Amino acid sequence: MPAAWRVHVLREGLREAGIDAEVVERDLMALEGAQRQAVLDVMIGQDLDPPMVLVDDAVVCAGEIDVAAVVAAAKAAAG
């Protein structure tokens, strides 16, 4: 699935759940700090490849896009 489509699917899933969130596609090399470390930990520790979705600094799905998991994590992060 092309990156632009993945971003669209996530944005729509969040919108349908009433969550106004920024959805941005990033390359691993563009990540910094805790986000980069979280992705590397999953890639190395669980032997998973992108795509991965982070909510704040936590990987909430890897290897595939799980809209329900992203929505649940975004709701939890919102408080």
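The structure we're discussing is the one just above.
This structure is a prediction, so every number in the text was calculated from the model and none was measured.

## Points about the overall build of the protein
Here's step 1: Helix and strand counts for the protein come out as 3 helices and 2 strands.
Here's step 2: Along the chain direction, N to C, the helices and strands of the protein fall in the order α-α-β-β-α.
Here's step 3: In terms of overall dimensions, the protein is globule-like: its C-alpha atoms have a radius of gyration of 12 Å, near the 12 Å expected for 79 residues.
Here's step 4: Each principal axis of the C-alpha atoms in the protein carries an extent, and together these give about 35 × 30 × 20 Å.
Here's step 5: The proportion of buried residues among the 79 residues of the protein is 24%.
Here's step 6: Across the protein, the fraction of contacts at a sequence separation of at least 24, relative to all contacts at a separation of at least 6, is 24%.
Here's step 7: When the accessible surface of the protein is totalled, it reaches about 5,300 Å², and 50% of it is carbon and sulfur.

## Here we look at unusual backbone geometry
Here's step 1: The omega torsion across Pro50 and Pro51 is 10°, close enough to zero to call that bond cis.
Here's step 2: The topology assignment puts Pro51 in the loop between α2 (33-45) and β1 (52-55).
Here's step 3: Here Asp47, not a glycine, exhibits a phi torsion of approximately 55°, which is positive.
Here's step 4: Positionally, Asp47 belongs in the loop between α2 and β1.
Here's step 5: What makes Asp47 exposed here is its relative accessible area of 66%.
Here's step 6: A positive phi angle, close to 60°, is found at Asp56, a residue other than glycine.
Here's step 7: As for its position among the elements, Asp56 is in the loop between β1 and β2 (58-62).
Here's step 8: Overall, Asp56 belongs to the exposed group, its relative accessible area being 54%.

About the criteria used
Residues numbered from 1 in each chain as written. Predicted model: local features only at pLDDT ≥ 70, side-chain atom pairs only at ≥ 80, totals over all residues. Heavy atoms only, no water. Helix = DSSP H or I, 4+ residues; strand = E, 2+ residues; numbered from the N terminus. Rg over C-alpha atoms; globule rule 2.2 N^0.38 Å. Buried < 20%, exposed > 50% of the residue type's maximum accessible area, 1.4 Å probe, protein only. Contact = heavy atoms within 4.5 Å. Areas by Shrake-Rupley, 256 points an atom, 1.4 Å probe, with all protein chains shown as cover.

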